Amino acid sequence: MASTSENTFGAKLRRAQDLLTFITGFTGYAPPRTQETVAGITTLINAIVSTNATETSQQENYKAAVDARQAAFSKTTGSIEKLLSPIKGAVEAQYGKKSTEAAAINAIIKKMRATKLTKAPADPTKPEQEKTISQSERSYGSMTQFFNDIVSNLTQFTAFNPSGNAIKIAALQTTAARLTTLNNAVAQKTQLLKTTRAARQSQYSDLKDRAQRIKAYVKSQYGNTSTEYSLIKRLSI
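Please read these numbers as outputs of a predicted model, since none were measured by experiment.

Engineer: Honestly, the environment of lysine 119 in this entry has me stumped. Any pointers?
Structural biologist: Positionally, lysine 119 belongs in the loop between helix H4 (100–114) and helix H5 (130–156). C-alpha of lysine 119 to C-alpha of asparagine 161: the two residues are 42 residues apart in sequence and 34 Å apart in space. Residues within four places of lysine 119 in sequence aside, it is in contact with Val66, Asp67, Gln70, Thr132, Ser136 and Tyr140. Only 3.4 Å separates the side chain of lysine 119 from the side chain of aspartate 67, close enough to count as a polar contact.

Written as C-alpha cells, this is what we have:
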C-alpha cells in the first residue's frame, strides 16, 4: 500500500517530471496522440505547477480572511463582542436602565451573546466540512444582522451621543459595513479555493490518464523488457 507521502500532489508531480525527463531521452519517441508528446506533457506539467502555486496562495488568502473576520467579531480590542457592553452602558446612561431604548438594545445584545460563532474550517473543500461551513456562515451572518439591528435602532434614538468614539453612530456604521465586507471576503476566498482545487484535481486526473497511455505506448514501441519501459513502468502518477 502506497504511503500518504507517495500519494500527495507534490509526489505525483515529481514522478511526472521524472517521466517527462525519461521520454525526452527516448530515441524515436512518437506517441499517436499529441497529448502524450514531450511538448504535450510539458505543457500540462507547467499548467499543474502554476495551479499548485495558485492553490497555495489562495489557501493562505482564505486563512487570512477567516482570521480577520474572527478577530473583528470576537476577543480582540475593537471587536463587536467588546463593543456590546459599552453600547449597553451608553444607552442605559443616557435613557435609563428601564427605558424603551435600553430594552430594545438589551434584547438584541442578549441574542448576540447567545449566538455561538463557529469558525470556518481550515480546509473548506472537504465534503465532510460542508456542515461546519454552513454553521459558520449562519452564525456570522446572524451576528452581522444583529449588529446591524443595533446600529439601526441607535440611529432612531433621539440625540444618542456617547462619549466613546468607537460607539458613536458613524463609527458603528463603519464597523457594520466592515463586517459585511469580511463575510463577503471569506465567501469569495472559499469559492476561489474550491474552484482551483477542482481544476487541480482535473489536471492530475488528466496527467494520470496520459501517464498510463505513455506506458502503454512505450511498452508497445520498445518492448516490455526494454530499458525504456523499465524506466517508467513503476512511476505511479
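Engineer: What am I meant to see in the side chain of threonine 196 here?
Structural biologist: For threonine 196, the location among the structural elements is in helix H6 (residues 169–222). Engagement of the side chain of threonine 196 in a polar contact is seen with the side chain of glutamine 58, the distance being 2.5 Å. Once residues within four sequence positions are removed from consideration, threonine 196 is found in contact with Thr51, Thr54, Glu55 and Gln58.

Engineer: Can you walk me through the environment of phenylalanine 160 in this structure?
Structural biologist: Topologically, phenylalanine 160 is positioned in the loop between H5 and H6. For phenylalanine 160, a relative accessible area of 9% gives the class buried. For the pair phenylalanine 160 and threonine 34, spaced 126 residues apart in the sequence, the C-alpha separation amounts to 73 Å. Leaving out residues up to four positions away in the same chain, phenylalanine 160 has contacts with Ala90, Val91, Gln94, Tyr95, Leu154, Ile167 and Ile169.

Engineer: I'm lost on the nonpolar core in this one. Help?
Structural biologist: Buried together is how nonpolar side chains tend to be arranged in soluble globular proteins. The biggest cluster of nonpolar side chains holds 27 residues, and the ones touching the most others in it are Ile87, Met112, Phe147, Ile150 and Leu154. Taken together, the elements giving at least two residues each to this core come down to helix H2 (38–73), helix H3 (80–95), H4, H5 and H6. It is H5 that contributes the most residues to this core, seven residues altogether. Excluding residues that lie within four positions of it along the chain, phenylalanine 147 makes contacts with Ile80, Leu83, Ile87, Met112, Leu172, Thr175, Ala176 and Leu179. Counting residues in hydrophobic clusters, the runner-up holds 22 residues, among them Leu13, Tyr204, Leu207 and Tyr217.

Engineer: Whenever I open this one, H5 confuses me. Can you help?
Structural biologist: Because each turn of an α-helix spans 3.6 residues, side chains separated by three or four positions in sequence point in the same direction. End to end, H5 covers 39 Å across 27 residues, agreeing with the expected 39 Å (1.5 Å per residue, within 8%). Inspection of H5 places Ile133, Ser136, Ser139, Tyr140, Met143, Thr144, Phe146, Phe147, Ile150, Val151 and Leu154 among the buried residues, and these make up the whole buried set. On the buried face of H5, the contacting elements are H2, H3, H4 and H6.

Analysis parameters
- Residues numbered from 1 in each chain as written.
- Predicted model: local features only at pLDDT ≥ 70, side-chain atom pairs only at ≥ 80, totals over all residues.
- Heavy atoms only, no water.
- Helix = DSSP H or I, 4+ residues; strand = E, 2+ residues; numbered from the N terminus.
- Contact = heavy atoms within 4.5 Å.
- Polar contact = N/O pair within 3.5 Å; in protein donor to acceptor, adjacent residues only side chain to side chain.
- Buried < 20%, exposed > 50% of the residue type's maximum accessible area, 1.4 Å probe, protein only.
- Core = buried A, V, L, I, M, F, W, Y, C linked by side-chain atoms within 4.5 Å.
- Expected span 1.5 Å × (residues − 1).

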